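# Remarks on the overall topology
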Amino acid sequence: MRMGEPLRLNKADHGVLAVRIKGYFKEHEEELRKRLHLPSPGLEITRAYTLLTDDILFALFKTVSEDIPISDEIALVALGGYGRSELNIRSDIDLMLLYKKRITPGIEELTQKILYILWDAGRDVGFSLRSVAECVTLAKQDSKTMTSLLDVRYLLGSRELFSALVSTVKRNLFTGRARRNFIEEKLEERQSRHEKYGGSVYILEPNVKDGEGGLRDIHTSAWVVRAKEEGRFEPVGQGLLTEEEEKGLAGSTDFLHWVRNELHFETGRKKDQLAFDSQENIARLLGFRATEHELAVEAFMQTYYRHASNIKGLTSLIISRCLRRKDSAFTFMRRRSKVDGRFAVEGGLLKVETGDVFTKDPASIIKAFEYSQAYGADISHSAKDLILKSLPGIDDGVRSSQSAAASFMNILRGERVYETLSEMHGMRVLERYIPEFGAISCRVQHDLYHIYTVDAHSLFAIRELERLKSSYKSEFPLLSTIMEEAENPETLYLAVLLHDIGKSLGKGHAEKGANLVPAICARLNISEDAQNLVTFLVRNHLLLADTAQYRDMHDERLVIEFAKKIGEAERLKLLYLLTFADVRAVGPEVWNQWKGALFRELFFSALTVLERGSFEVEDAGAKIERTKGKVKELLRVEDADKGEEAVENYFRLLPNRYYLVTSPESIAAHIKIARALGGAAFVMNVEQVPERDYTEIVVCTHDIHGLFAMITGVMTANSVNILGAQINTLRNGIALDILQVTTALGELLTDGLKTKKIEKDLNGVISGKVRVESLVGKVRPSILDKKVKPTVPTRIEIDNEVSDTFTVLDIHTQDRLGLLYRISSTIMNLGLYIHIAKIATKGDEAADIFYIKDIFGQKIYNPGLLKKIEASLASALA
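None of the values given here were measured: they were computed from a predicted structure.

In terms of regular secondary structure, the chain is built from 39 helices and 16 strands. Overall, the chain is about 105 × 75 × 50 Å in size when its C-alpha atoms are taken along their principal axes. The buried share among the 878 residues of the chain stands at 55%. Put simply, the chain shows about 39,200 Å² of open surface, and 50% of that area lies on carbon and sulfur atoms. Each charge class in the chain was averaged separately, 118 positive and 124 negative side chains, and the resulting centres sit 4 Å apart.

Take a look at the structure:
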């Protein structure tokens, strides 16, 4: 669709022409953006922009070439996206000036003038100057050049020369071995590109052009077909897609062009990554609205992922159908093994015996995947085509079919569970068979923590479980052993598959998902015990992780209550496995040794309670005496008399809780540190704990109010990340604060210069020579901190039930520079004391938990003070 009158350029100098063209582009780009926001179809805008560029080049070529003697046949040729008439706003204009015999001075002058004018007009132009022979020679050496010659489009000049290029390319490049090599290279390139851009359709900030399911997948499928079919790409006419499939591909292609055009409009340049801020803007422009269950941007991204998934699936079909056209001619040479009356395995492929097997019995679709898994045979392309055509047949009758249920449960009992379920999901079989899973298909959570969509995450979690039986054995020996010993792994796989299905229903997804489980289990015809176990695991799949990360695991009463909820050791083991798989599948950087150690510690603590069969708290006095005896043994080596006396004195200085939760080795080390304080301002001890991936810093000093806030300020100023802290005040006025820390990159703090700087800064703030605020104020955010992120609302919860001795503050808010210092300073200014801090970060959300008491060492019950705490923290975090 051309836009108004074509551009007319009069003879003028270089600068005037560049300004005129720049203004013409700007005027018509603004008109196109208005049309985009109606919204007009994405491809319509793209083609209009292509025609706009054509008009400008026609006018420019005509004006510039009038007084230049060319002395040879030439043709101006469009390449790449411009050659396909798919020039997105502000994308590169790829051109080739084709000459017949030689590069004359006139051709050089024409080329320079056109290029400099376009560059000065603000266009990004890719340009080459070649003969037909040079095109062929370069293409044989360079795959990129060879690819570009599949997307050529005539613009101006000699049509005869352009036709010679097309016929020469067909004849010399895309035949025999060269064609096979080209196709193989394109397929390898596609695989590498997918891996480079996240390895999944369903990543957090997808690349609209180069990511999996992006526009480049469409281009690749077209290149493969054109290379094999003498330049033609007509999917329906060539029998590569049905009319319905082509309509679906066209709709998805159009949607991605709309998104890409808007991205380019938004930034005024090429930009193909759909970042968080762009997602929110585009969701608004497209008219998506927030509902009770999801944000507008989440609804938009779910639509995006569905289109990208559609492109991935249909372009893969185009390629596979194109490349297997002649395969059937050779099947008689292969060994054929009959599976049953419906299926046979031949040449490593599962094939159907008759074309109507799935229409006669749609439950056979699930059976096909069962056999594919059991025999290690891929489902043949023709069988896949029949499955896709028969998807509507998977109805309530199939979902309640005992035959289909038996096949599905056999899949969960077999090997390659992740691979089989992923294949079912990719072909839309899984969402047809379990509609509750279909409801989370392509569902996104708009935050930095959840890297993948909910359905992809659930399948990846199954992959993590399977790896415990193979590649993870040496890295996670305990979990691998538990997985090997699981009596009914299919029940666990089912729970993992379903653990997040409640996310389609909004907040409280664990409970809502558990309510959906009984109906699914009834259709799958599993036993009542198995149904109860799956329901329990789905309902409680967050319990172990939340308790380990956000609660004081050294509180024996809390561990006992946790064990009571679990009820039996076998359930605890399965919940531990599910927790591992769930966290590992969130994203590559989410699992770490610190988190793993917390989960393992809670697992063993709860297992001890369950195995002893008593939910009573152990006698504290006897346990403390045993610990004291071990500490005396440890210190007796150095000085028997003084060691004995030091231990007795030290065990009178702290509340019983400290002696119950601290190891004898740590207590002995703390006694030495306290003894070393003497008349010094403070003592700092640094110890590496590599098995848990953290560094422990102990600060011992004379207690002053707000000490912990000072320490957090110093750590912030030195880019040190605090994972947890235990704050102890001895009855003799000595403070012993123990911190688990890492560098900003999550590594051990081993830099000696850094620890000396921390020590110097601590000395300054503790002695009063330096104000901690001045240290924190000097810190500047990194480039990553400045990146636009989804907003995390602040939630402050005050809990007086979870602990017998402390009031617990649960603070969830946007992660930011100096957050822990800001919170601890606010608590200090309220005259309250922090005893335990647990710090967790989930992407862009910080979850900071504080166990606090008032100035009298009591829990806080006063309603007025509780309101003041909440209001002060909310104000500090606003």
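Here we take up the sheet that holds strand β1 (residues 74-78). Judged by pairing direction, the sheet is mixed, and its four strands sit side by side in the order β3-β2-β1-β4 without closing on themselves. Looking at strand neighbours, the two that pair on one side only are β3 (125-131) and β4 (153-157), the edges of this open sheet. With direction set aside, neighbouring strand axes in the sheet form an average angle of 25 degrees. Alignment of β1 against strand β2 (residues 93-99), held across five bridges, turns out to be antiparallel. Pairing of Ile74 across the sheet is with Tyr99, part of β2. Most of the contacts of helix α4 (residues 105-120) go to β3, to which it runs at about 170 degrees, and overall it touches β1, β2 and β3. Sheet contacts for helix α7 (residues 159-172): β1, β2 and β4; angle to β2, the most-contacted strand, approximately 105 degrees.

The axes of two packed helices give the description: the angle between them and the distance between them. As a packed pair, helix α14 (residues 364-375) and helix α17 (residues 402-413) sit with axes 8 Å apart at the nearest point and diverge in direction by 30 degrees. Viewed along their axes, α14 and α17 adopt a mutual orientation that is roughly parallel. Considering only the axes of α14 and α17, their crossing is left-handed. Each of Ile366, Lys367, Phe369, Glu370 and Gln373 in α14 lies in contact with α17, whose residues at this interface are Ala404, Ser407, Phe408, Asn410 and Ile411.

Our focus in this paragraph is the pattern of salt bridges. For the structure shown, the criterion picks out 48 salt bridges. With a closest N to O distance of 3.2 Å, Lys100 and Glu73 form a salt bridge. Separated by 27 residues along the polypeptide, Lys100 in the loop between β2 and α4 and Glu73 in the loop between α2 (42-65) and β1 bring together distant segments of the chain. Looking at Glu73, the relative accessible area reads 30%, which means it is partly exposed.

It is worth spelling out the sheet that holds strand β12 (residues 734-743) at this point. Taken in spatial order, the eight strands make up an open sheet running β9-β10-β12-β11-β15-β16-β14-β13, and their pairing is antiparallel. The sheet is open, and its two borders are formed by β9 (682-689) and β13 (795-799), each paired with just one other strand. Here the strands of the sheet are splayed against their neighbours by 15 degrees on average, with no regard to which way each runs. Judged from the eight bridges that link them, strand β14 (residues 807-814) and strand β16 (residues 845-853) form a sheet pairing that is antiparallel. From the neighbouring strand, Leu809 faces β16, where its bridge partner is Phe850. Here helix α39 (residues 863-877) sits on the sheet in contact with β13 and β14, set at roughly 155 degrees to β13.

This part takes up a nonpolar patch on the surface. There is a patch of nonpolar side chains on the surface, built from Tyr833, Ile855 and Phe856 and spanning about 360 Å² of accessible area. If you trace the backbone, Ile855 turns up in the loop between β16 and α39.

Looking now at helix α5 (residues 132-141). Within α5, the full set of buried residues consists of Val132, Cys135, Val136 and Ala139. For α5, the angular spread of the buried residues around the axis is 95 degrees, confining them to a single face. Among the exposed residues of α5, those pointing more than 90 degrees away from its buried face are Ala133 and Gln141. Buried residues along α5 sit in contact with β2, β3, α6 (143-148) and α7.

The next thing to look at is the environment of Ser872. In this structure, Ser872 sits in helix α39. When its relative accessible area of 23% is taken as the criterion, Ser872 is described as partly exposed. For the pair Ser872 and Thr826, spaced 46 residues apart in sequence, the C-alpha separation works out to 7.0 Å. In this structure Ser872 touches Thr826 and Leu830, once residues within four positions along its chain are discounted. Of note is the side chain of Ser872, whose polar atom sits 2.8 Å from the backbone oxygen of Lys868.

In the structure shown here, the tally under the stated rule is 27 aromatic pairs. Here a set of aromatic residues connected by ring pairs shows up, and it is made of Tyr472, Phe476, Phe580, Trp591 and Phe599. The aromatic ring of Phe25 is capped on one face by Arg123, whose charged end is 3.8 Å from the ring centroid.

Before going further, it helps to spend a moment on the side chain of Thr547. By secondary structure assignment, the location of Thr547 is in helix α26 (residues 543-550). A relative accessible area of 10% means that Thr547 is categorised as buried. Within polar-contact distance, the side chain of Thr547 engages the backbone oxygen of Leu543 at 2.7 Å. When residues no more than four places from it in sequence are discounted, the contact partners of Thr547 are Met553, Leu558, Phe562 and Leu602.

Attention now goes to unusual backbone geometry. Phi is positive for Cys442, close to 65 degrees, though the residue is something other than glycine. Here Cys442 lies in the loop between α20 (435-438) and α21 (454-467). Looking at Cys442, the relative accessible area reads 2%, which means it is buried.

Most of β4 sits out of view: four of its five residues are buried. The pairing of β1 with β4 spans four bridges and is classified as antiparallel. Bridging across to β4, Ala75 finds its partner in Gly157.

A few words now on the confidence of the model for the chain. In this model, the chain carries an average pLDDT of 89, and 95% of its residues clear a pLDDT of 70 or more. Here residues 327-334 is a poorly scored stretch, pLDDT under 50, and it has five contacts once near neighbours within four places are set aside; other chains count.

Moving on to the environment of Lys778. Inspection of the secondary structure assignment puts Lys778 in the loop between α36 (772-777) and α37 (783-786). Note on Lys778: relative accessible area 63%, which makes it exposed. Between the alpha carbons of Lys778 and Ala717 there is a distance of 7.4 Å; along the sequence they are 61 residues apart.

What follows covers the nonpolar core. Across soluble globular proteins, nonpolar side chains have a tendency to be buried as a group. Counting 180 residues, the largest nonpolar core has Phe408, Leu421, Val429, Tyr433 and Leu497 as its most contacted members. If near-sequence neighbours (up to four positions away) are discounted, Leu497 is found in contact with Phe408, Leu421, Leu430, Ile434, Phe437, Ser458, Leu459 and Ile462. With 46 residues, the next largest nonpolar core counts Val699, Ala735, Leu809 and Ile869 among its residues.

The rules behind the values
Residues numbered from 1 in each chain as written. Predicted model: local features only at pLDDT ≥ 70, side-chain atom pairs only at ≥ 80, totals over all residues. Heavy atoms only, no water. Helix = DSSP H or I, 4+ residues; strand = E, 2+ residues; numbered from the N terminus. Buried < 20%, exposed > 50% of the residue type's maximum accessible area, 1.4 Å probe, protein only. Areas by Shrake-Rupley, 256 points an atom, 1.4 Å probe, with all protein chains shown as cover. Lys, Arg positive; Asp, Glu negative; His and termini not counted. Charge placed at Lys NZ, Arg CZ, Asp CG, Glu CD. Pairing = 2+ DSSP bridges. Axes fitted to C-alpha atoms, helices over the stretch in contact; angles between N-to-C directions. Contact = heavy atoms within 4.5 Å. Parallel < 35°, antiparallel > 145°, perpendicular 65-115°, else oblique. Left-handed = near helix turned anticlockwise from the far one by under 90°. Salt bridge = Lys/Arg side-chain N within 4 Å of Asp/Glu carboxyl O. Patch = residues over 30% accessible without salt bridge, like charges linked within 9 Å, V, L, I, M, F, W, Y side chains within 5 Å. Arc of directions from axis to C-beta. Polar contact = N/O pair within 3.5 Å; in protein donor to acceptor, adjacent residues only side chain to side chain. Phe/Tyr/Trp six-rings, centres within 6.5 Å; stacked < 30°, edge-to-face > 60°. Lys NZ or Arg CZ within 6 Å of the ring centre and 35° of its normal. pLDDT = per-residue confidence, 0-100. Core = buried A, V, L, I, M, F, W, Y, C linked by side-chain atoms within 4.5 Å.

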